[in-house]
Amino acid sequence: MSNLSSVDMAWYQMEDPTNLMMVTGVVLFKGPLDIDLFRRIIAERLVAPYAPFRSTVARSGMPGIPYRWERDPHFDLDYHVRHVALPEPGDQAVLEKMVSEMMSTALDLNRPPWQFHVMDNYNGGSAVLVRLHHCIADGIALIRVLLSLTGETAEASLEIPPVKKVKKKGALDRALKAVVDTVETTGKMAGAVLKEGQAALEDPAYLFEIGSSAARIAAKGTLATAKLLLMPPDPKTPLKGKLGLIKLASWSRPVSLADVKRIGRVTDSKVNDVLMAAMTGALRRYLEGHHYKVNRLNFRAAVPVNLRPLDGPIKLGNEFGLVFLSLPVGIADPLERLIEVKRRMDEIKDSPEAIVAFGILGMLGVTPTQLSDQIVNLFGTKATAVATNVPGPQRPIFLAGSEIDNLMFWVPQSGKLGLGISILSYAGKVTLGVSVDKGLIPDPQRILDGFYEEFDALMELVHQAEE
């Protein structure tokens, strides 16, 4: 079996009871999901081709490489794909409670670190709660894996290319090649779908030019490293503090991507500028509601930056860095705040900070534990939140014959942060999610309420400009 990369090991070793290194997601379906068919698709399209989904993390016994993937001899698909019914009334509030409970519950690291919970009785349809440890892959890779399980029509989503076991010599090689060919084909399709979503969302996860010359990166790398290390700590606010064991998840009602683009056209800003500005205003409203002075307040969001191409076959593992976006929480006027968010985001577009952060994350997997803890604390002091932005397909897709109505994902807050902000686009709509530490932020819905108010304020600017 393969060894974990140094970055994958970093995410494995960052596991903490108060900050589980787990990617959590929900996939919402318009109708009921066929559990038997779903299990078959997971077995044949996920478990069979991707070794980490049938493997545990084990000590390697090799110097410099602490961990490796080792096949689980007791692998049981029923343990990883579970089937339950949501209690009445089976609405978003009930599902949010279930997601929060699972987000607060560690995966069993003695088994392959992932689970899917298929839930009936969600608003007349079904929902799937996804839990995967970050050591398997980052968010972009996991979205690509999810898309590789789907089809553009109900019929296409049911097509599972058979892999026949033949006893002739070389038959196993041919069978495995059939699986690999299928994975490469679906991987390329998933990459194309993500690129389409990226264009729609203008995702900051791709701000860094991977094609930049090595000399150009090196020339700026020293300054970026110094900037990162010398960056002052974020101010102490009610959003930062000691973490507890209980997490809460919530997500917004979808907003129209067309409306977001209308705001962008009127204000000469990008889709992500608009959404981050509205979320920044929501955090301002939240702090004001808790009687915290926000004048001139700035704090940072750590933004994951994808460092891999989207074309080609799916590759698991973690290949992303981080940039630190300073959020102008102290600006009260929605338009002025949007202009400032755009200016700050433009500044980081060509920064090598993501490459530098990727290297530091790699160090976590090979340095002694005490030093690794110091590096994690370093990241934790520099930011208040993690803000992720993942592009999804811009047309409806199907899984196991059922149409996906919407989906949402949250990544863990590395560095022991207590606030995660997620943006995900799908089929012409954008959903925002928050994941929080309950002890710090017991009422995350108030953040989303503030987002609605800020978005409405920006839409009012559009109406005034178009009159």
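Everything quoted here is computed from the prediction, not taken from an experiment. For every chain, the first residue of its written sequence is number 1, and the numbers climb from 1 along that sequence. Where local features are concerned, this predicted model is filtered to residues with pLDDT of at least 70; where side-chain atom pairs are given and counted, the filter is 80 or more; whole-chain, interface and lining totals use all residues. Side-chain descriptors were evaluated using all non-hydrogen atoms of the structure, hydrogens and water having been removed beforehand.

### Let's talk about empty space enclosed by the protein
With a probe scaled to a water molecule rolled over the atoms, the places where space remains empty come into view.
Inference 1: Think of a 1 Å grid over the protein atoms and nothing else: a 1.4 Å probe that fits but is trapped marks a cavity, an open set flanked by protein within 12 Å on at least five of seven lines marks a pocket, and residues with an atom within 4 Å of a point count as lining. Grid points are joined across faces, edges and corners, and a volume is the space filled by probe spheres set on the points. All told, the structure shown has 11 cavities of 30 Å³ or more when counted by the stated rule.
Inference 2: Considering only enclosed or pocket space, the second largest cavity measures out at about 160 Å³ in volume.
Inference 3: Taken together, 16 residues form the lining of the second largest cavity, with Asn 19, Leu 20, Met 103, Lys 247 and Gln 413 sitting closest to its centre.
Inference 4: Helix and strand definitions follow DSSP, with helices as H or I runs of at least four residues and strands as E runs of at least two, each counted in order from the N terminus. Within the residue set of the lining of the second largest cavity, elements represented by two or more residues are β1 (22-29) and β15 (429-437).

### What about the pairing of strand β10 (residues 320-327)?
Inference 1: Only protein chains enter the calculation, and the probe is 1.4 Å; a residue is then buried if its accessible area is under 20% of its type maximum, exposed if over 50%, and partly exposed in between. Most of β10 is tucked away: 7 of the 8 residues are buried.
Inference 2: Strand pairing is assigned whenever DSSP detects at least two bridges linking the two strands. Direction of pairing for strand β9 (residues 299-306) relative to β10: antiparallel, over a ladder of 8 bridges. In the strand pairing of β10, Val 305 is matched with Gly 321.

### Quick look at the confidence of the model for the protein chain
Inference 1: Scored by pLDDT, the protein chain has a mean of 83; 77% of the residues are at 70 or more.
Inference 2: The predictor attaches a confidence to each residue, called pLDDT, with possible values from 0 through 100. Across the protein chain, the secondary-structure element scoring lowest on mean pLDDT is helix α6 (residues 171-201), at 48, and the one scoring highest is helix α3 (residues 77-80), at 97.
Inference 3: Segment residues 204-221: pLDDT under 50, and 35 contacts once partners within four positions in sequence are set aside and those in other chains are kept. Between two residues, a contact is recorded if the distance between any of their heavy atoms is within 4.5 Å.

### Focus: helix α13 (residues 445-466)
Inference 1: In this scheme, a helix's expected span is set at 1.5 Å multiplied by one less than its residue total. Relative to the 32 Å expected for 22 residues at 1.5 Å per residue, α13 spans 32 Å between its end C-alpha atoms, a close match to the ideal helical length.
Inference 2: For α13, the set of buried residues is Ile 447, Leu 448, Gly 450, Phe 451, Tyr 452, Glu 454, Phe 455, Leu 458, Met 459 and Val 462.

### Focus on the packing of helix α8 (residues 257-267) against helix α9 (residues 271-289)
Inference 1: Contact geometry of α8 with α9 gives a least axis separation of 8 Å together with a crossing angle of 95°. Relative to α9, the element α8 is oriented roughly perpendicular. Touching Leu 257, Val 260, Lys 261, Ile 263 and Gly 264 of α8 are Val 271, Val 274 and Leu 275, all from α9.
Inference 2: Throughout, the ten residues Ala, Val, Leu, Ile, Met, Phe, Trp, Tyr, Cys and Pro are labelled nonpolar, Asp, Glu, Lys and Arg are labelled charged, and all others, Gly among them, are labelled polar. Here the residues of the contact of α8 with α9 are counted per class, giving 6 nonpolar, 1 polar and 1 charged. Whenever a helix is involved, its axis is fitted only over the stretch in contact; in every case the axis is a line through C-alpha atoms, and angles between N-to-C directions fall within 0 to 180 degrees. Throughout this description, any angle smaller than 35 degrees is read as roughly parallel, any larger than 145 degrees as roughly antiparallel, any in the 65 to 115 degree range as roughly perpendicular, and the remainder as oblique.

### Structural notes on the sheet that holds β1
Inference 1: Judged by pairing direction, the sheet is mixed, and its 6 strands sit side by side in the order β4-β5-β6-β1-β13-β12 without closing on themselves. In the strand order of this sheet, the two ends are held by β4 (81-85) and β12 (398-399), each with one partner.
Inference 2: Pairing analysis gives 5 bridges linking β4 to strand β5 (residues 114-122), with the strands arranged parallel. Looking across to β5, one finds that Val 81 is bridged to Phe 116.
Inference 3: Along the sheet face, helix α2 (residues 35-47) touches β4, β5, β6 (125-133) and β12 and points at about 155° away from the line of β5.
Inference 4: Against the sheet, helix α5 (residues 139-148) engages β1, β6 and β13 (402-410), with an angle of about 170° to β13.

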